[in-house]
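Architecture and fold: a report
Letter by letter, the chains look like this.
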Amino acid sequence: MQGPVAKWLSDNAFGVYLIHPPILIGFAMLLHGLPLFALTKAILLTTLAAIGSFAVSALILRKSPLRAII
């Protein structure tokens, strides 16, 4: 049985799959110039991209006619 968080993540997973590349690239470009260690940037990029991708996916599913496709 899924809890509410797991259900929300599951409902948005395909949308995240579709829209994560531009979000990932955008955050990577923003982090490129920061004077941080590579591992720190990788962890930060992973976290930002995951949160950003799920947030955009949820927004699209809630507010857009694209929800029929996603």
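Residues numbered from 1 in each chain as written. Predicted model: local features only at pLDDT ≥ 70, side-chain atom pairs only at ≥ 80, totals over all residues. Heavy atoms only, no water.

Across its full length, the protein chain carries two helices and zero strands. The 70 residues of the protein chain split such that 21% are buried. Restricting the contact set of the protein chain to residue pairs at least 6 apart, pairs at least 24 apart contribute 60%. (Helix = DSSP H or I, 4+ residues; strand = E, 2+ residues; numbered from the N terminus. Buried < 20%, exposed > 50% of the residue type's maximum accessible area, 1.4 Å probe, protein only. Contact = heavy atoms within 4.5 Å.)

Within the fold, Ile-19 resides in helix H1 (residues 4-31). Remark: the alpha-carbon pair of Ile-19 and Met-1, spanning 18 residues in sequence, is separated by 28 Å. Setting aside residues up to four positions removed in sequence, Ile-19 forms contacts with Ser-53, Val-56, Ser-57 and Ile-60.

For the rest of this paragraph, the subject is the environment of Ala-50. Relative to the elements of secondary structure, Ala-50 occurs in helix H2 (residues 38-63). Residues Ala-50 and Pro-65, 15 residues apart in the sequence, show an inter-C-alpha distance of 23 Å.

This part is about the packing of H1 against H2. Contact geometry of H1 with H2 gives a least axis separation of 6 Å together with a crossing angle of 130°. Classified by the interaxial angle, the pair formed by H1 and H2 is oblique. The handedness of the crossing between H1 and H2 is right-handed. (Axes fitted to C-alpha atoms, helices over the stretch in contact; angles between N-to-C directions. Parallel < 35°, antiparallel > 145°, perpendicular 65-115°, else oblique. Left-handed = near helix turned anticlockwise from the far one by under 90°.)

In short, geometric facts, not functional conclusions.
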